[in-house]
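# Examining the three-dimensional arrangement
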Amino acid sequence: MKEAAEKKALGLVKELDAFPKVPESYVETTASGGTVSLIAFGAMVLLAFFEFFVYRDTWMKYEYEVDKDFSSKLRINIDITVAMRCQHVGADVLDLAETMVASDGLQYEPVVFELSPQQRLWHRTLLLIQNRLRDEHSLQEVLFKSVLKGSPTALPPREDNPTQPFNACRIHGHLYVNKVAGNFHITVGKAIPHPRGHAHLAALVSHETYNFSHRIDHLSFGEEIPGIINPLDGTEKICSDHNQMFQYFITIVPTKLHTYKISADTHQYSVTERERVINHAAGSHGVSGIFMKYDISSLMVTVTEQHMPLWQFLVRLCGIIGGIFSTTGMLHGLVGALVDIVCCRFKLGAYKPKKVHPLDTHLNNHTPFFTENNKH
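Residues numbered from 1 in each chain as written. Predicted model: local features only at pLDDT ≥ 70, side-chain atom pairs only at ≥ 80, totals over all residues. Heavy atoms only, no water.

## Some remarks on a nonpolar patch on the surface
Let me state the cut-off plainly: Grouping into patches uses exposed residues only, defined as over 30% relative accessible area, and leaves out salt-bridged ones; the cut-off is 9 Å for like charges and 5 Å for nonpolar side chains (Val, Leu, Ile, Met, Phe, Trp, Tyr). Areas reported as accessible are Shrake-Rupley estimates using a 1.4 Å probe. Residue values count occlusion only from the protein chains shown. Just to be clear on terms, a salt bridge is a Lys or Arg side-chain nitrogen sitting within 4 Å of an Asp or Glu carboxyl oxygen. Per the convention used, a helix needs a DSSP run of H or I reaching at least four residues, while a strand needs a run of E reaching at least two, with both numbered from the N terminus.
On the surface, Leu46, Leu47, Phe49, Phe50, Phe52 and Phe53 cluster together into a nonpolar patch covering about 590 Å² of accessible area. Position of leucine 46 among the secondary structure elements: in helix H2 (residues 31–56).

## As for the pattern of salt bridges
The following threshold applies: Using a 1.4 Å probe on the protein chains alone, a residue whose accessible area is under 20% of its type maximum counts as buried, one over 50% counts as exposed, and one in between counts as partly exposed.
The final tally for this structure, using the stated rule, is twelve salt bridges. The residue arginine 316 makes a salt bridge to glutamate 51 at a minimum N-O spacing of 2.3 Å. Taken together, the residues arginine 316 in helix H5 (residues 310–345) and glutamate 51 in helix H2 connect sequence positions 265 residues apart. The exposure class of glutamate 51 is buried, given its relative accessible area of 8%. Residue lysine 179 is joined to aspartate 67 by a salt bridge in which the shortest nitrogen-to-oxygen separation is 3.2 Å. Of the two residues, lysine 179 sits in the loop between strand E6 (168–178) and strand E7 (182–188) while aspartate 67 sits in the loop between strand E1 (58–66) and strand E2 (73–82), which places them 112 residues apart along the sequence. Residue lysine 179 is classed as buried on the basis of its relative accessible area of 13%. For aspartate 67, a relative accessible area of 4% corresponds to the buried category. In the salt-bridge network here, residues are joined through shared partners; they are Arg120, Arg215, Asp217 and Glu236.

## Regarding helix H3 (residues 117–135)
Short version of the rule: A helix's residues, less one, multiplied by 1.5 Å, set its expected span. Throughout, the arc means that of the directions going from the helix axis to the C-beta atoms.
The end-to-end C-alpha separation of H3 is 27 Å, in line with the 27 Å expected for 19 residues at 1.5 Å each. Taken together, the buried positions of H3 are Gln119, His123, Leu126, Gln130 and Leu133. All buried residues of H3 project into a common sector of 80° when viewed along the axis, lining one side. In H3, those exposed residues whose orientation departs by more than 90 degrees from the buried face are Pro117, Leu121, Arg124, Leu128 and Asp135.

## Section: the environment of arginine 215
Where we set the bar: By definition in these notes, contact holds between two residues if any of their heavy atoms fall within 4.5 Å. Here a polar contact means two N or O atoms within 3.5 Å. Within protein one must be a hydrogen donor candidate and the other an acceptor candidate, and residues neighboring in sequence count only if both atoms are side-chain atoms.
Turning to its location among the elements, arginine 215 is positioned in strand E10 (residues 214–222). Taking relative accessible area as the criterion, arginine 215 reaches 2% and is therefore assigned buried. Residues arginine 215 and valine 82 lie 133 residues apart in sequence; the distance between their C-alpha atoms is 6.7 Å. If near-sequence neighbours (up to four positions away) are discounted, arginine 215 is found in contact with Asp79, Ile80, Thr81, Phe113, Leu115, His123, Thr235 and Glu236. At a separation of 3.1 Å, a polar atom in the side chain of arginine 215 contacts the main-chain carbonyl oxygen of phenylalanine 113. A distance of 3.5 Å separates the side chain of arginine 215 from the side chain of glutamate 236, its partner in a polar contact.

## Focus on the pairing of strand E13 (residues 263–277)
Here is the rule we go by: In this description, strands pair whenever DSSP reports at least two bridges between them.
Note: E10 against E13, two bridges, orientation antiparallel. In the sheet register, glycine 222 faces E13, and the bridge partner there is threonine 266. Sheet topology note: the strand E12 (residues 244–258)/E13 ladder contains 15 bridges and is antiparallel. Its bridge partner being in E13, lysine 256 is matched across the sheet by aspartate 265. Linking E12 back to E13 in an antiparallel pair, the connection comprises four residues.

## Some thoughts on the UniProt feature "transmembrane region" (unreviewed entry) in the protein
Counted only if it meets this: UniProt positions are given in the numbering used here, feature names are shortened, and annotations may be inferred rather than shown by experiment.
Following the UniProt record, the feature "transmembrane region" (unreviewed entry) maps to residues 35–55 and 313–339 here. Along residues 35–55 the backbone is 100% helical and 0% strand, and the end-to-end C-alpha distance reaches 30 Å. Measuring from the first to the last C-alpha atom of residues 313–339 gives 39 Å, for a span that is 100% helix and 0% strand.

## Comments concerning the packing of aromatic side chains
Put simply, the rule is: By convention, a stacked pair of Phe, Tyr or Trp rings (six-membered ring in the case of Trp) has centres within 6.5 Å and planes under 30 degrees apart, an edge-to-face pair has planes over 60 apart, and any other such pair is tilted.
Under the criterion given, the structure shown has seven aromatic pairs. Taking the centre distance of 6.2 Å and the plane angle of 55° together, the rings of phenylalanine 49 and phenylalanine 50 count as tilted. According to the relative accessible area criterion, phenylalanine 49 is partly exposed, its value standing at 47%. With 4.9 Å between their ring centres and 75° between their planes, phenylalanine 49 and phenylalanine 53 make a pair best called edge-to-face. A residue pair is termed a helical-turn pair when its members lie 3 or 4 positions apart in one helix, as phenylalanine 49 and phenylalanine 53 do in helix H2 at four residues.

## Examining the environment of lysine 61
Relative to the elements of secondary structure, lysine 61 occurs in strand E1. Among the residues examined, lysine 61 registers a relative accessible area of 34% and is labelled partly exposed. Each C-alpha atom of the pair lysine 61 and glutamine 306 lies 6.9 Å from the other, and the pair is 245 residues apart in sequence. If we skip the residues at most four places from it in the chain, lysine 61 touches Thr302, Val303, Thr304 and Gln306. Of the polar contacts made by the side chain of lysine 61, one reaches the side chain of glutamate 63; its length is 3.4 Å.

Following this line, the structure appears as structure tokens:
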């Protein structure tokens, strides 16, 4: 009686349970189900790991607008070595308004034009980077991200003491010019002011000493940013004639750089170059020297380093987990249906445990009608 009452109470409790029941087939442990679960878990871990690296990565956003700042000064950063003595060359700037800018910010340092072994190695490395930058423009973003506050990239000092006399002049420093088109040039003789512009005292220098072979170690505009490689950095030209002119046509683009490491107002530029021998008899007129004609673009570029927000990373992570669960469930069901179809077509059948009828269980639990005693 007590067992019957317990069974009846248990049945009433099951009837009062209003929550839907999961079919027993859903909770059966099978080899295929376990394999699919392991594959799904591994895929989730792998994709979540890759997604975390995407979250950590940053990218550069470029915005363009009209540059409305025309009153400020433009800074020119220069480091050029010319294969002539310092007393024979002069550098200055003449802008579009015929304003001559004094070169007080420039220093003239006697040096040896040939580089030392360590300097030559540095120069070759710089040229390799320049070639890669021309082929793969996306490397510029890597340079933007890797900038650090400190001294700018420059030619390292010599590690040896040269025995030959100084045969070149290193012109380095910076100038502040008006924010208009201009012409920075290095030519024979020191510059002197003139009512109609300016002139150079070239009459005292012999033509046989002209040698405008030069190496541009650094040329940039605006604030100096370490780690940024400019288009003319590392350029080296060797003269084939005494009277030779080198021309660089530069277009400057004002740039505002905002990264997680630095914020600066600088300028990028593009350049085309030309060189020719001065021969008045052949109709090639001009003045021997190095001329850099620059013009300023009216557009300003704002480069901002951006990062994926945390909420977007969490949403993408939830999408990965839910998508893998749904996809693996559908694939598992599809494979199971295909297996059932194949088994039915070839009449293989699926193994199922034999069901025991309740009546057989009832008969097995009772004493048989005939015993050995009854046989007698």
